[in-house]
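If you want the building blocks of each chain, they are given just below.
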Amino acid sequence: MTKTPQHQNAHENAHQNAHQDLHLVAGATGTVGREVVRELLERGQRVRALTRDASKASFPEGVEAVQGDLREPAGLKAALEGVTGLHLITFSGAYEPLATGPEILALARAAGVRRVTVLNGGGPSPLEDAVRAGELDWTVVMPVEFMANSLEWAEPVRAEGTVRAPFVDRVSALVHEGDIGAVVAVALTEDGHAGQEYLLTGPQALTVTEKVAVLAEARGGDIALVELTEEEAAAGMRAEGHDESTIAWLLDVYKNTPPEGRTVIDTVPRVTGRPARTYTDWAREHAESFR
């Protein structure tokens, strides 16, 4: 039988799929993990998403959801089978640093994993230390403030058109979570990124006041900004269930944002080959959440 172009394309696609790498993404339901999954799919890769409850997780078509917990490495052997690229996070859901790095890395080596990326959680961690000390090709991705953090304002903006925040003049070079995912995907699928630390920022450094103005324009309605005192901000975090050490750390980061958090650098365009997305881009994408 003569092959039609459609048959030929199907055959070529099947051939390409057979040679695709398989990547396991931890934290796949999280803000960054979802973007890592999406970017890998766009690159034509096979993706296995690790989640603590696969029955409740929702992923794009073609993603294989597997149940597992980085706190319990013994249960990860099946999830790592056939995997060549591994994306890890350094904290559990309770903001507790994961101490299981050596066990996870041993399983990854045994499974034939070649590359591993780590999303830095804001400071040193035992898991990241284990990855850096290990034999696999590693890349550590260190983003500053996520643009997605602004979603914490969505409910009060919808309800009363107001944002309440401390230190409204603080400056942040906040980064689009999609750009974080893009850098991770590049590091997992291309040569030249082993042993690299990538600090990621967006293309602008903005104050809280400026961010609120951008959100107001995107939603097509005014947003009032009320500056909270440190004490008022701490009380609000307590009401949300944060412990005192987390509250103190967050307030210090807000009050004394380090130079790395407020200085624009070109890592995203340098690694991905495309411009870093702006806060205006993010606000337009999420405008409905604020209406």
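Preceding this section is the structure that the text describes.
Here the structure is a predicted model, which means the values were calculated and not measured.

(A) Just the nonpolar core, in detail. With 48 residues, the main nonpolar core has Trp153, Ile180, Leu200, Leu215, Tyr279 and Trp282 as its most contacted residues. Apart from residues no more than four positions distant in its own chain, Leu200 is found in contact with Val141, Met142, Pro143, Val144, Val175, Ile180, Val183, Thr267 and Val268.

(B) Local environment of the side chain of His193. Along the chain, the position of His193 falls in the loop between helix H6 (177-189) and strand S9 (196-200). Ignoring any residue separated from it by four or fewer positions in sequence, one finds His193 in contact with Trp138, Thr139, Val186, Ala187, Tyr198 and Val271.

(C) Spotlight on unusual backbone geometry. Backbone geometry places Phe167, a non-glycine residue, at a positive phi of 50 degrees. By the secondary structure assignment, Phe167 is in the loop between strand S7 (162-166) and strand S8 (171-172). Judged by its relative accessible area of 17%, Phe167 is buried.

(D) Structural view of the packing of aromatic side chains. For the structure on display, the rule yields two aromatic pairs. With a centroid separation of 5.8 Å and 10 degrees between ring planes, the pair formed by Tyr279 and Trp282 is classed as stacked. Here Tyr279 and its partner Trp282 are both found in helix H12 (residues 279-285), three residues apart, which amounts to about one turn of the helix. Exposure class is identical for Tyr279 and Trp282. Each is buried. Here the aromatic rings of Trp282 and Phe290 are separated by 6.2 Å at their centres, their planes lie at 70 degrees, and the arrangement is edge-to-face. Assessed through its relative accessible area of 0%, Trp282 is described here as buried.

Parameters and conventions
- Residues numbered from 1 in each chain as written.
- Predicted model: local features only at pLDDT ≥ 70, side-chain atom pairs only at ≥ 80, totals over all residues.
- Heavy atoms only, no water.
- Core = buried A, V, L, I, M, F, W, Y, C linked by side-chain atoms within 4.5 Å.
- Buried < 20%, exposed > 50% of the residue type's maximum accessible area, 1.4 Å probe, protein only.
- Contact = heavy atoms within 4.5 Å.
- Helix = DSSP H or I, 4+ residues; strand = E, 2+ residues; numbered from the N terminus.
- Phe/Tyr/Trp six-rings, centres within 6.5 Å; stacked < 30°, edge-to-face > 60°.

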